[in-house]
Amino acid sequence: MSTNAAAVLDCGAGCFLSLDRPRIMGILNVNPDSFTDGGDFFSTAAALERASAMVSEGADIIDVGGESSRPGAEPVSIADELARVIPVIEGIRRTFPGVIISIDTCKPEVMRAAVAAGAQIVNDITALRAEGALETVAELGCAVCLMHMQGEPRTMQHAPHYDEVVAEVLAFLEARVDACVKVGIPRQRLLLDPGIGFGKSLEHNLTLLGRLDALHAPGLPLLLGASRKSMIGALTGRPADERLYASIALATLGVWQGAAVVRVHDVRGTVDALRVCAAVNKARGTSNT
Ligand code: YH5
């Protein structure tokens, strides 16, 4: 576990997330596939119950997402996305004042409303490439996760191609960091993410997961999201709801290579894995024998 990442993430409004230990981002999908029809009372209550469980299990960040970014997914309107995510963010903020909330969106209007409702991190799988997104985050003063994706969700898995996947992902992320700095988003507010499964073959994902050290070059904290993803299905032959153990293995391998935040569905098991991982790493760093 290398430690060249920034020690804190500036989330704006005087909120700082210390990255002296690996942090867990729990995934909270609020879309019709997850909790009946998004936006009604039942789905909001069910989402809040799920958030509550993740917080009690040790999640540091709750990642609220109302647009499905799975391969092949159809786009969601601004109104539908707002109706799904805003009541959930308000509810989490009210119930758990100390938890960090991220909003998984690429739409500036949703970023704005989510931060007003209490979110502190924008988690954008398009790395603020939508019209007005860079300026919106600069103005909001929140943190942002910049993720690499080749292509767009609907078609990204058709024929992903790279000459040098690690170098190309790194170059993309560095360019997005430059774009952020240029509009006034300081580096202390940035997280970088290689985007496992986003326009990548199994081999591309494996190459990136084995070379996370290379992605430390910009000197910014890394976020890794591999939980339950198709690459695990390809490697284990298991359906999405049976990918817990392999997901924990990948979170551990990520943290061992210096990832600052892991984005996961299963918080409890990941907390335990990262606890032992951090203890061994600490012993390694302090041993004088
Ligand atoms: C990510 O990596 N991923 S949404 C397909 C699956 C399972 C899970 C069953 N948002 C990331 O979680 N944000 C998503 O197959 C993300 N990094 C960041 N920063 C996709 C997802 C998933 C897709």
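In this report, the structure presented in the accompanying data block is examined. (Residues numbered from 1 in each chain as written. Predicted model: local features only at pLDDT ≥ 70, side-chain atom pairs only at ≥ 80, totals over all residues. Heavy atoms only, no water.)

1. Here's the deal with the pattern of salt bridges
Applying the stated criterion to the full structure yields eleven salt bridges. The partner of K107 in a salt bridge is E67, and the shortest N-O contact between them spans 2.7 Å. Of this pair, K107 sits in the loop between strand 5 (100–104) and helix 3 (108–117) while E67 sits in the loop between strand 4 (61–65) and helix 2 (78–95), and the two are 40 residues apart along the sequence. Accessibility expressed as a relative area gives 15% for K107, which makes it buried. For E67, a relative accessible area of 12% translates into the label buried. Measuring nitrogen to oxygen at the nearest pair gives 3.1 Å for the salt bridge that ties D266 to R228. You can see D266 sitting in the loop between strand 10 (261–264) and helix 9 (267–286) and its partner R228 sitting in the loop between strand 9 (223–224) and helix 7 (230–236), a full 38 residues away along the chain. R228 gets classed as partly exposed once you look at its relative accessible area, which sits at 29%. (Salt bridge = Lys/Arg side-chain N within 4 Å of Asp/Glu carboxyl O. Helix = DSSP H or I, 4+ residues; strand = E, 2+ residues; numbered from the N terminus. Buried < 20%, exposed > 50% of the residue type's maximum accessible area, 1.4 Å probe, protein only.)

2. Quick word on empty space enclosed by the protein
Tallied over the entire structure, the rule returns two cavities of 30 Å³ or more. Here the largest cavity defines a volume of roughly 50 Å³. Broken down by secondary-structure element, the contributors of at least two residues to the lining of the largest cavity are helix 8 (244–256) and strand 10. In the lining of the largest cavity, the residues fall into six nonpolar, three polar and one charged. In terms of lining residues, the second largest cavity is bounded by S227, L244, S247, I248, V264, D266 and T270. (1 Å grid on protein atoms, 1.4 Å probe; cavity = no way out; pocket = protein on both sides within 12 Å on 5 of 7 lines; lining within 4 Å. Points joined across faces, edges and corners; volume = space filled by probe spheres on them. Nonpolar A, V, L, I, M, F, W, Y, C, P; charged D, E, K, R; others polar.)

3. Focus: the site of the ligand
Contacts to the ligand come from 19 residues, most closely from S69, N123, D193, K229 and R263. Here N123 contributes a side-chain N or O atom positioned 2.7 Å from a nitrogen atom of the ligand. A total of 520 Å² of accessible area belongs to the ligand in isolation, and the protein chains cover 92% of it. Partitioned by chemical class, the residues of the shell around the ligand number six nonpolar, six polar and seven charged. (Near = heavy atom within 4 Å. Polar contact = N/O pair within 3.5 Å; in protein donor to acceptor, adjacent residues only side chain to side chain. Areas by Shrake-Rupley, 256 points an atom, 1.4 Å probe, with all protein chains shown as cover.)

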